[in-house]
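Coordinates in review
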Amino acid sequence: MKLILVMLTFLAVTANAAVDATPGSPMRVAIVGLVHGHVGGFLKGGALTPAGGILNRADVQLVGIVEPDRKLFDSYAQRYHLSASLYFRSIREMVSQAHPRAVLVFTAPSEHRRVIEECAALGVHVMVEKPLTISYKDALAIQDAAQRSHIHVLVDFETSWYASNTAAFHLLKEGALGPIVKTVIRDGHAGPKLIGVEPEFLSFLTDPKQNGAGALFDFGCYGPNLMTWLMDGETPLSVTAVTKQLQPSLYPQVDDEAEIILNYTNAIALVQASWNWPFSLKQMDVYGRTGYTKAIDSERIEVRKANQPEGQTINAENLTTPYDDPLHYMAAVLNGDIQEGNSLSSLKTNMTVSEILDAARLSAATGKAVSLPLRK
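Rules behind the numbers
- Residues numbered from 1 in each chain as written.
- Predicted model: local features only at pLDDT ≥ 70, side-chain atom pairs only at ≥ 80, totals over all residues.
- Heavy atoms only, no water.
- Helix = DSSP H or I, 4+ residues; strand = E, 2+ residues; numbered from the N terminus.
- Rg over C-alpha atoms; globule rule 2.2 N^0.38 Å.
- Contact = heavy atoms within 4.5 Å.
- Areas by Shrake-Rupley, 256 points an atom, 1.4 Å probe, with all protein chains shown as cover.
- Lys, Arg positive; Asp, Glu negative; His and termini not counted.
- Charge placed at Lys NZ, Arg CZ, Asp CG, Glu CD.
- Phe/Tyr/Trp six-rings, centres within 6.5 Å; stacked < 30°, edge-to-face > 60°.
- Buried < 20%, exposed > 50% of the residue type's maximum accessible area, 1.4 Å probe, protein only.
- Lys NZ or Arg CZ within 6 Å of the ring centre and 35° of its normal.
- pLDDT = per-residue confidence, 0-100.
- Salt bridge = Lys/Arg side-chain N within 4 Å of Asp/Glu carboxyl O.
- Pairing = 2+ DSSP bridges.
- Axes fitted to C-alpha atoms, helices over the stretch in contact; angles between N-to-C directions.
- Parallel < 35°, antiparallel > 145°, perpendicular 65-115°, else oblique.
- Nonpolar A, V, L, I, M, F, W, Y, C, P; charged D, E, K, R; others polar.

Take the overall build of the protein chain next. Helices and strands together make up the secondary structure of the protein chain, namely 14 helices and 15 strands. Taken over the C-alpha trace, the protein chain has a radius of gyration of 21 Å; the compact-globule value for 376 residues is 21 Å, and the two agree within 12%. If one aligns the C-alpha atoms of the protein chain with their principal axes, the spans along those axes are about 65 × 45 × 40 Å. Of the contacts made within the protein chain by residues no fewer than 6 positions apart, 69% connect residues no fewer than 24 positions apart. Counting only carbon and sulfur atoms, one obtains 53% of the accessible surface of the protein chain, whose full area is about 16,500 Å². The protein chain carries 32 positive and 38 negative side-chain charges, and their two centres are separated by 5 Å.

Right, dumping it as structure tokens:
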């Protein structure tokens, strides 16, 4: 029986390798899950896919969708004029018939491990919406599956494609700010209930078993992701977190406010994640010994040096392909044009993010700082 399974896996990997071998053709992608509200941005385009949605671009081809709730698929099919032929009941059925090169995952984070392990066994690369998963234990299993099957696992964050964040990163690495001392990262909005997210999206966001936590995981993942990138992959010495339920009537099972302190050997980061901001917010302040830069929004940054009386606000340079869009980036990684390294999307970076989030959840529960590394 084991021999048969091994042969089936080998044949699946070989079939997908044949798809990969066609130069110049669109990247064949499939979607697994439609419960994550960000899937709409990938289909139609917007801030999540700056180069355009899958349905409106020539470099990507949607070849299948796996969603257990047929009514949910039908609603998306009607909204985006999708063919019923795209629907599949399982990942295995979809891969065997549609032959995607990569899968984009829009399930609850608690499903990421299962989906990635299934795709890994079939030799299919994966990109999931942030965060990587709901626990460090699951992250280790994902890493093991990816390494055994030689697939890429990437994690998509909207802030990865912000020109402002990249400009801040380059200023720091060029020495324009001096050595990093402190970073303050703010992410959130008025809360999923108040901004009116889709009911299937709200259902898992407010369930700790499916989402890991509330705002702590939904928006607390951005800061550790950005800080790990700024710190060239360095892991903090300890993590301290405080969570609150400021709107318990709306979110009775999860936190809606979280503060995380990341303590490094020579720097510190304060991560502010909230479902209580009066408006949507994604900002990053990076303080060095000789200056600071503040990413005000996706395009603008403020820069001030130690000898300057005030800061100057400028527009960051536009990002260039493949660093401007998650699908451009994925194609470049799969084609071997670029290496993941310590990038914002890499599995390596997001292993550290998962470890930090696990430590933050434990710290909030115990009221104590949690030292890293965690026990495996």
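The subject of this paragraph is the packing of aromatic side chains. For the structure on display, the rule yields 11 aromatic pairs. Aromatic pair Tyr76 and Tyr80: ring centres 5.8 Å apart, planes at 20 degrees, arrangement stacked. Highlighted residues: Tyr76 and Tyr80, both in helix α3 (residues 70-80), separated by 4 residues, approximately one helical turn. According to the relative accessible area criterion, Tyr80 is buried, its value standing at 15%. One aromatic cluster is present, built from ring pairs that chain together Phe157, Phe219 and Tyr222. Stacked on the ring of Tyr87, the Lys or Arg Arg70 has its end atom at 4.3 Å from the ring centre. Stacked on the ring of Phe219, the Lys or Arg Lys130 has its end atom at 5.4 Å from the ring centre.

What follows is about the confidence of the model for the protein chain. Overall, the prediction assigns the protein chain a mean pLDDT of 94, with 94% of residues at 70 or greater. Contacts of residues 1-10 to residues separated by more than four positions or lying in other chains number 1 contact, the stretch itself having pLDDT below 50.

So, about the pattern of salt bridges. Evaluation of the coordinates by the stated rule reveals 15 salt bridges. As a salt-bridge pair, Glu93 and Arg89 come within 3.2 Å of each other at their nearest N and O atoms. Judged by its relative accessible area of 18%, Glu93 is buried. Arg113 serves as the salt-bridge partner of Asp138, at 3.0 Å between the closest nitrogen and oxygen. With Asp138 in helix α6 (residues 136-149) and Arg113 in helix α5 (residues 112-121), this residue pair connects regions lying 25 residues apart in the sequence. A relative accessible area of 12% means that Asp138 is categorised as buried. Among the residues examined, Arg113 registers a relative accessible area of 27% and is labelled partly exposed. One network of salt bridges, with partners in common, ties together Arg57, Asp59 and Asp325.

A few words on the pairing of strand β14 (residues 312-315). The pairing of strand β13 (residues 300-305) with β14 spans 4 bridges and is antiparallel. Along β14, the bridge assignment pairs Val303 with Gln312. Two successive antiparallel strands, β13 and β14, enclose a turn made up of 6 residues.

For the pair α5 and α6, interaxial distance at closest approach is 9 Å and the crossing angle is 10 degrees. By the criterion of interaxial angle, the relationship of α5 to α6 is roughly parallel. Where α5 abuts α6, its residues His112, Arg113, Ile116, Glu117, Ala120 and Ala121 lie against Asp138, Ala141, Ile142, Ala145 and Ser149. A class-by-class count of the residues in the contact of α5 with α6 yields 6 nonpolar, 2 polar and 3 charged.

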